[in-house]
Amino acid sequence: MELRALEAFVQVLRCGGFTAAADRLETTQPTVSKLVAQLERELGQPLLRRDTRPAVATDAGRLVQAHAETMLLAAANIRAGLSDLGQARSGELRIGIPPLGPQLFVPLMHAFKLRHPGIELKLFEDGSKAIEAAMLAGELELGGLLAPLDERRYEHMMLIDDRLALLAPARSRWSRRPVVRLAELAEESLILFLAPYMLNERIEEACRQCGFVPDIAGRSGQIGFLQELVRSGVGVALLPSSELRHLAAEDFSVSTLIEPVIPWRIDLAWLRGAYLSHAARAWLDVARSERGIQAA
């Protein structure tokens, strides 16, 4: 069986359909359909249910998907290894950066470019779930992920260990409250990140444990826009305290969140046992030397 056919099949499942998979693979929908049909003929079994949208795998399809992802990752490792030969002073690094990552990654990027100006940084900016999926697909070598991580799957080093705090407008009832219990926010409208982001799940689960379902006033994938929504009084937000230190006191109120404390730790992660290019290894060296990080 061809890797192209396996990749087409996996992308149909990841993207939810043939058209989206074709866009991802930069080819045509008929080509993707032909590759998947070819794979089904070779294996003698249907791999996709044709009566559902988005695309859903059959029992045989789930088995093939699991092995195909391993094979595709191995192929990506082979390609990366070959391309890295003789490129000690050039190349590229594909790295995933979470939405709250600039303060963590920009200083590292600056230090990295000073030491390795010939290596191009290709950034993938998204939430932990999307970064993790791209790493498993062999599309990224390194990524900033929300801890804790699966130790069987990842090697990692800590970038920051923080906790969430309450961000409210300066002229709100929280302005004189240095400490706030989560249960006290039951009647507040919350502004969260976009739905797929893992941080939302932690916030919503903590709210449920406190006996309420949060009233969501809005969502944004941009922390700057989210802060503006808070400043204008649309709602309040729960954000890492380290992201709030620079905000103007005349515009915002920041309170420590307790009962429960919601942790926010970001680790720089890579797949255990995966090939790391010269650029990725160089990045890890810079991260350790600049921030004093020890491998976990």
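Whatever comes next refers back to the structure up there.
Residues numbered from 1 in each chain as written. Predicted model: local features only at pLDDT ≥ 70, side-chain atom pairs only at ≥ 80, totals over all residues. Heavy atoms only, no water.

## Description of the layout of surface pockets
- What the largest pocket holds in volume is close to 360 Å³.
- Elements with a minimum of two residues in the lining of the largest pocket: helix 1 (3-15) and helix 4 (59-84).
- Tallying contributions element by element places helix 1 first for the lining of the largest pocket, with five residues.
- Of the residues belonging to the lining of the largest pocket, the class tally is four nonpolar, two polar and six charged. (1 Å grid on protein atoms, 1.4 Å probe; cavity = no way out; pocket = protein on both sides within 12 Å on 5 of 7 lines; lining within 4 Å. Points joined across faces, edges and corners; volume = space filled by probe spheres on them. Helix = DSSP H or I, 4+ residues; strand = E, 2+ residues; numbered from the N terminus. Nonpolar A, V, L, I, M, F, W, Y, C, P; charged D, E, K, R; others polar.)

## Focus on a nonpolar patch on the surface
- Among the surface-exposed residues, Met1, Leu3, Leu43 and Met71 lie close enough to one another that they form a single nonpolar patch of about 340 Å² accessible area.
- Mapped onto the fold, Met71 is located in helix 4. (Patch = residues over 30% accessible without salt bridge, like charges linked within 9 Å, V, L, I, M, F, W, Y side chains within 5 Å. Areas by Shrake-Rupley, 256 points an atom, 1.4 Å probe, with all protein chains shown as cover. Salt bridge = Lys/Arg side-chain N within 4 Å of Asp/Glu carboxyl O.)

## Brief notes about the packing of helix 2 (residues 18-25) against helix 3 (residues 29-43)
- At a minimum axis separation of 8 Å, helix 2 and helix 3 run at an interaxial angle of 105°. Between helix 2 and helix 3, the angle is such that the two are roughly perpendicular. Here helix 2 contributes Phe18, Thr19, Ala21, Ala22 and Leu25 to the contact with helix 3, which in turn contributes Gln29, Val32, Ser33 and Val36.
- Here the residues of the contact of helix 2 with helix 3 sort into six nonpolar, three polar and no charged. (Axes fitted to C-alpha atoms, helices over the stretch in contact; angles between N-to-C directions. Parallel < 35°, antiparallel > 145°, perpendicular 65-115°, else oblique. Contact = heavy atoms within 4.5 Å.)

## Overview of the packing of aromatic side chains
- Considering all chains together, one arrives at three aromatic pairs under this definition.
- Ring centres 6.4 Å apart and planes at 25° place the aromatic pair Phe105 and Trp283 in the stacked group. Of this pair, Phe105 sits in helix 5 (residues 102-115) while Trp283 is found in helix 9 (residues 278-291), placing the two residues 178 residues apart along the sequence. As far as burial versus exposure is concerned, Phe105 and Trp283 are alike and both buried.
- Between the aromatic rings of Phe193 and Tyr197, the centroid separation amounts to 5.8 Å while the plane-to-plane angle is 40°, which identifies the pairing as tilted. With respect to burial, Phe193 and Tyr197 carry one shared label: buried.
- Through a chain of ring-to-ring contacts, the aromatic side chains of Phe105, Phe112 and Trp283 assemble into a single cluster. (Phe/Tyr/Trp six-rings, centres within 6.5 Å; stacked < 30°, edge-to-face > 60°. Buried < 20%, exposed > 50% of the residue type's maximum accessible area, 1.4 Å probe, protein only.)

## Here we look at helix 6 (residues 128-136)
- Taken residue by residue, helix 6 has Ser128, Ile131, Ala134 and Met135 as its buried positions. Viewed end-on, helix 6 has its buried residues packed into an arc of 130°, placing them on one side of the element. (Arc of directions from axis to C-beta.)

## Side note on the side chain of Glu204
- Mapping Glu204 onto the fold places it in helix 7 (residues 198-209).
- The exposure class assigned to Glu204 is buried, which follows from its relative accessible area of 19%.
- Residues in contact with Glu204, not counting those within four places in the same chain, are Leu192, Pro214, Ile216 and Arg219.

## Quick word on unusual backbone geometry
- Here the bond from Arg53 into Pro54 is cis, since omega is 0°, no more than 30 degrees from zero.
- Tracing the backbone through its elements, the reader meets Pro54 in the loop between strand 1 (48-49) and strand 2 (56-57).
- Here the bond from Ala147 into Pro148 is cis, since omega is 5°, no more than 30 degrees from zero.
- Residue placement: Pro148 occurs in the loop between strand 5 (142-146) and strand 6 (154-169).

## Details of the side chain of Ser128
- Structurally, the position occupied by Ser128 is in helix 6.
- Aside from chain neighbours lying at most four places away, what touches Ser128 is Gly144, Leu145, Leu146 and Met198.

Just geometry here; none of it tells us what the structure is for.
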